[in-house]
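Residues per chain, in single letters:
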Amino acid sequence: MTVLTSSSIHGRSKTIEDTEKALEGILPNRTAYMIHELLPSDSDSSSKENTPTRFIGLVTLRPIGPKDLVLPDHFFPSSTLSPGCLKMELGYGFLPVAWGKGYATEAVKTVLEACGKERKLWDAFEKVFVRAIVNEENTASQRVLAKTEMKELGVHTWDGDGLWLAGKWRTRDRLRIYGMFVVE
């Protein structure tokens, strides 16, 4: 079984152990939402508790820290620079079986809406800003974010050490930057 790593900097997982190792780097200090597809059921029960499901993807939110990609301030609203603003990064990945069916769009919208509604989660902050970074070649993710309330903030050209991303080694890449306030 492989999971969610076709665009990972670590490459595609080939074993369950590879997947577990990749998840070690994803899950700490993050809020992770496991996305499941409801499958057809032979039972007459209308209860969703008994409906069979299968895992199809993951949506994560995590605070942006000092080891994360630093982007120029001009991409972001000036109020994101205030100490009272929590800056978060959105990430997601879906298995190929779920591609093109609207699951990513629905899941990302739901997570962003939930963040805005759960104000008590963010009591220590005046504002919460969520950013997402998409490789310019990843048109599917660009469409997903365009269908949410996230706004495209610009394109950043990244230069750096060799990085495995979207199936090839890169030392330079164009990244589309998206963002929105979930709490203002």
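1. Focus: the overall build of the protein chain
Then, number 1: Counting its secondary structure elements, the protein chain contains three helices and six strands.
Then, number 2: When the elements of the protein chain are put in sequence order from the N terminus, they spell out α-β-β-β-α-β-α-β-β.
Then, number 3: Within the protein chain, the proportion of its 184 residues that are buried is 36%.
Then, number 4: Here the contacts in the protein chain between residues at least 6 apart in sequence split such that 68% fall between residues at least 24 apart.
Then, number 5: As presented, the protein chain carries roughly 11,200 Å² of accessible surface, and 53% of it is formed by carbon and sulfur atoms.

2. With respect to the pattern of salt bridges
Then, number 1: Taken as a whole and assessed by the stated rule, the structure comprises ten salt bridges.
Then, number 2: For glutamate 136, the salt bridge goes to arginine 176, with nearest N and O atoms at 3.5 Å. Of this pair, glutamate 136 sits in the loop between strand E4 (127–135) and helix H3 (139–146) while arginine 176 sits in strand E6 (residues 168–183); the two residues are 40 residues apart in sequence, bridging distant segments of the chain.
Then, number 3: For the salt bridge of aspartate 173 with arginine 170, the shortest nitrogen-to-oxygen distance reads 3.4 Å.
Then, number 4: One salt-bridge network, in which partners are shared between bridges, spans Arg62, Asp68, Glu89 and Arg131.

3. Considerations on the side chain of arginine 176
Then, number 1: Separated by 3.5 Å, the side chains of arginine 176 and glutamate 136 make a polar contact.
Then, number 2: A polar contact of 3.1 Å, which involves the side chain of arginine 176, links it to the side chain of glutamine 142.
Then, number 3: For arginine 176, the residues in contact, after removing those within four places along its chain, are Ala132, Ile133, Val134, Glu136, Gln142, Glu152, Gly154 and Val155.

4. Topic: the packing of aromatic side chains
Working definition: an aromatic ring pair is given by the centre-to-centre distance plus the angle between the planes.
Then, number 1: Tallied over the full model, the rule gives three aromatic pairs.
Then, number 2: Summarising the aromatic geometry, the rings of phenylalanine 76 and phenylalanine 129 are spaced 5.8 Å apart at their centres and angled 85° between planes, so their arrangement reads as edge-to-face. Here phenylalanine 129 lies in strand E4 and phenylalanine 76 lies in the loop between strand E2 (53–63) and strand E3 (85–94), a separation of 53 residues in the sequence. Exposure class is identical for phenylalanine 76 and phenylalanine 129. Each is buried.
Then, number 3: Grouping aromatic residues by their ring pairs yields a cluster made of Phe75, Phe76, Phe129 and Phe181.

5. Concerning the sheet that holds E2
Then, number 1: Spatial ordering of the open sheet is given by E1-E2-E3-E4-E6-E5, a layout of six strands whose pairing is mixed. Strand pairing shows two members of the sheet lacking a second neighbour, strand E1 (31–38) and strand E5 (151–165), which therefore form its edges. The average angle at which neighbouring strand axes cross in this sheet is 30°, direction not considered.
Then, number 2: Across seven bridges, E2 lies against E3 in antiparallel orientation. Residue pairing for E3: leucine 58 is matched across the bridge by glycine 93.
Then, number 3: This element, helix H2 (residues 103–117), spans E1, E2, E3, E4 and E6 of the sheet and lies at about 160° to E3.
Then, number 4: Sheet contacts for H3: E3, E4 and E6; angle to E4, the most-contacted strand, approximately 155°.

Parameters at a glance
Residues numbered from 1 in each chain as written. Predicted model: local features only at pLDDT ≥ 70, side-chain atom pairs only at ≥ 80, totals over all residues. Heavy atoms only, no water. Helix = DSSP H or I, 4+ residues; strand = E, 2+ residues; numbered from the N terminus. Buried < 20%, exposed > 50% of the residue type's maximum accessible area, 1.4 Å probe, protein only. Contact = heavy atoms within 4.5 Å. Areas by Shrake-Rupley, 256 points an atom, 1.4 Å probe, with all protein chains shown as cover. Salt bridge = Lys/Arg side-chain N within 4 Å of Asp/Glu carboxyl O. Polar contact = N/O pair within 3.5 Å; in protein donor to acceptor, adjacent residues only side chain to side chain. Phe/Tyr/Trp six-rings, centres within 6.5 Å; stacked < 30°, edge-to-face > 60°. Pairing = 2+ DSSP bridges. Axes fitted to C-alpha atoms, helices over the stretch in contact; angles between N-to-C directions.

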